Amino acid sequence: MAAAIAGAVAAALLLLCPAWASAAAAVGEGRRLHTLFSVECGDYFDWQAVGLLHSLRKAGQPGGVTRLLSCAEDQLPSYRGLRIGHTLQVPSFSRHPRTGDWYPAINKPAGVVHWLKHSPEADNVDWVVILDADQIIRGPVIPWELGAEKGKPFAAYYGYLKGCDNILAQLHTAHPEFCDKVGGILAMHIDDLRALAPLWLSKTEEVRQDKSHWSTNITGDIYGMGWISEMYGYAFGAAEVEMMESDPNVKRGLFLSIECINTLNEGLLLHHASVGCPKAQWSKYLSFLKSRRFSELTKPKYWKGQKVDTTITTQHVALSKANSEYPKIHTLFSTECSSYFDWQTVGLMHSFRLSGQPGNITRLLSCTDEDLKNYKGHDLAPTHYVPSMSRHPLTGDWYPAINKPAAVLHWLNHVQTDAEFIVILDADMIMRSPITPWEYGAKLGHPVSTPYEYLIGCDNILAKIHTRNPSACDKVGGVIIMHIDDLRRFAILWLHKSEEVRADKAHYATNITGDIYASGWISEMYGYSFTAAEINLRHIIRRDIMIYPGYVPLPGAKYKVFHYGLRFGVGNWSFDKADWRNADVINTCWAKFPEPPDPATIMQEGLDARERDLLSIECARALNKALYLHHKRRNCPRIDTVHSTSSNKIERIAHESSRNRNRGKFASIDVATEKTVERAAATIPPVHRSRRLARSSRMWIIAVWAVSIVVFLLVISMFFTDRRRSVSRSRVSRSLKAHV
């Protein structure tokens, strides 16, 4: 009964919210507002989240809203509600990592602490409203209009927290006199939340462990099971920072049960329609929910009392598309913590800047904690850090390619973007010009991509096993342009399908997958195609976006991207990215790849072959240009002062990398590969030898001049010495004659 009364009071407080008209026009400083609520992975919280989010939109709540989603690792793969609102995934504390105690309520303070530490949103707000998922908002909640000030948050009254008046408060806070019986709806300044949140979490753990004082007569918990420990954690944490106190006036309230349930159902109805569910059968109740009468009954309710502050709030929302002629674009690419991906990153970032690609770019960097400690390439690109999935946390399978869908999903769950279209590239690409959705006709439900004809699994048993809609399987990959709404419902399934195909070892065979190594390495590519088929995304396939260097171009095609994923060459020169897997060309000053031939030396006969070779040379030169500028930015010493040892070492590592790579499953191409690598590695040392010869020649010239001067001086010295001796003998002779 006490809990029900408290819930009613909390709900009633939602009626007493400030005027939306005031909030909507606000531009004042210090009024950036953000709303948080905590949930767990499951249908039970999903329908609550849908209802709360719908009511927030309907009420016109200003600022952003973040759902703090606490999920255990074993829950996430099967969880289907990632698209419900803007979400920050936080580590689950339901099972305490230290004590093993099962207490899901602790996820609320734990989620807030995680948000403060890891979300960029926390650095761009001034006020925070914290709600529970099982609430319906009837009007905007603006803290300062409810009397909140910095140091004095606003909260609902929870009268049943009798532990504030007895031994419980005396045991768990140094200032029991400041303990307020509050909770439910919290509104406070961000600085207060930063001070409170860690104490909120630690006090919750403390009260939860105090089992000897769980009894109803001490806590007010009717079950006597410590379930409201989190509420006491908040009250005791607030008392600990002393300055915090709530509004002592208990607001009037009436819990409108019918309106609450109707609003929940209205939210669910709209949600099901948005995900493509069949139209519901007509009923009088559904007709009522869609009626103007219900809309009038549930329109925002405004605070009728005197406003504490007339300063209006800033809307913390994305810019309108109307401000731009074209939709916003964001480019993503996935890498790992290694020198191999670092030089690819340098190449792609250099080409991105030259291409004129609209919007921002983000590197999705998948690293283990151990790798991250020693990683040096943090400044190579704007970066979003992602936990590594190279070694699968559940199966132990080593499959780094899965980091791509895992990283995209992580970025979607942790970053708020206003981009309408996302362009996804691979790290081993060079951009030549902008890749835009409007040029290729990308739209919701119709992403754009490039053909991967070798994905023959789209035509055989593989697709029939792994998608319910095999006829919709498109053989695509490489460059992807997708609407953000499609990507949000696509990403989680992309990861799951990649895991599913990777686990299907019985169908790794080349004649089924098209994988020439029959090792399941292209499972992620099939994960992409099968996911698109599953949710009926039909691709606009364009052959003029991307080309592999070494391939003959289509007549008249203006390719936007080089994808140097395969070995390519011109004459006796060739390049294979895999030969440079262990070569640190990023941190070795002026290290670069073997220079391709001069375009002027390319023979004129055979237009197709000439165009192919010119494109190959362009790609290689772009990589070396990017490396040169990278070393220049790092203030490397002048090139003529750098000894050739470093580059020779780089070449040797590249040669050994190729030798080791070919020793295993690539043994069939041993001889050809090693000869090619030797030819490639031999192109740099002559440059350094010529420099050594030039320096040696100069030294020899100087030495000859020095010896000549010394010899000349010796001859002169000997000449004058002989003359002095002759003069001396002559004088002696004359002297002796004079004395005779």
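Residues numbered from 1 in each chain as written. Predicted model: local features only at pLDDT ≥ 70, side-chain atom pairs only at ≥ 80, totals over all residues. Heavy atoms only, no water.

**Thoughts on the overall build of the protein**
Step number 1: When helices and strands are tallied, the protein shows 23 helices and 18 strands.
Step number 2: Here the protein holds 740 residues, and the buried ones make up 51% of them.
Step number 3: Partitioning the intrachain contacts of the protein with sequence separation of at least 6 by distance along the chain shows that 77% fall at a separation of at least 24.
Step number 4: When the accessible surface of the protein is split by element, carbon and sulfur atoms take 57% of a total near 36,100 Å². (Helix = DSSP H or I, 4+ residues; strand = E, 2+ residues; numbered from the N terminus. Buried < 20%, exposed > 50% of the residue type's maximum accessible area, 1.4 Å probe, protein only. Contact = heavy atoms within 4.5 Å. Areas by Shrake-Rupley, 256 points an atom, 1.4 Å probe, with all protein chains shown as cover.)

**Observations concerning the state of the cysteines**
Step number 1: Counted by the stated rule, this structure contains five disulfides.
Step number 2: A sulfur-sulfur distance of 1.6 Å marks the disulfide that ties Cys 337 to Cys 367. Taking the torsion about the S-S bond as the criterion, the Cys 337 to Cys 367 disulfide, at about 80°, is right-handed. Of the two residues, Cys 337 sits in the loop between strand S7 (329–336) and helix H12 (339–355) while Cys 367 sits in strand S8 (residues 360–367), which places them 30 residues apart along the sequence. Across the pair, Cys 367 and Cys 337 agree in class, each one buried.
Step number 3: The disulfide bridge from Cys 458 ends at Cys 473, spanning 2.0 Å between sulfur atoms. Negative torsions about the S-S bond denote left-handed disulfides, and the value of about -40° found for Cys 458 with Cys 473 makes this one left-handed. (Disulfide = S-S within 2.5 Å.)

**Quick look at the confidence of the model for the protein**
Step number 1: Of the residues in the protein, 79% have a pLDDT of 70 or more, and the chain-wide mean is 81.
Step number 2: A low-confidence stretch, residues 243–255 stays under pLDDT 50, and its non-local contacts, those more than four residues away or across chains, total 32 contacts.
Step number 3: A low-confidence stretch, residues 662–695 stays under pLDDT 50, and its non-local contacts, those more than four residues away or across chains, total 40 contacts. (pLDDT = per-residue confidence, 0-100.)

**A look at the pattern of salt bridges**
Step number 1: Taken as a whole, this structure holds 27 salt bridges when the rule is applied.
Step number 2: Residues Arg 194 and Asp 123 are paired through a salt bridge, measuring 3.4 Å at the closest nitrogen-oxygen approach. Within this pair, whereas Arg 194 is found in helix H6 (residues 190–209), its partner Asp 123 is found in the loop between helix H4 (107–118) and strand S4 (127–132), the two being separated by 71 residues in sequence.
Step number 3: Of the residues examined, Arg 194 reaches a relative accessible area of 34% and is grouped as partly exposed. (Salt bridge = Lys/Arg side-chain N within 4 Å of Asp/Glu carboxyl O.)

**Concerning the environment of Lys 592**
Step number 1: Residue placement: Lys 592 occurs in the loop between strand S18 (573–575) and helix H20 (607–633).
Step number 2: For the pair Lys 592 and Trp 343, spaced 249 residues apart in sequence, the C-alpha to C-alpha distance is 9.7 Å.
Step number 3: At a separation of 2.9 Å, a polar atom in the side chain of Lys 592 contacts the side chain of Glu 595. (Polar contact = N/O pair within 3.5 Å; in protein donor to acceptor, adjacent residues only side chain to side chain.)

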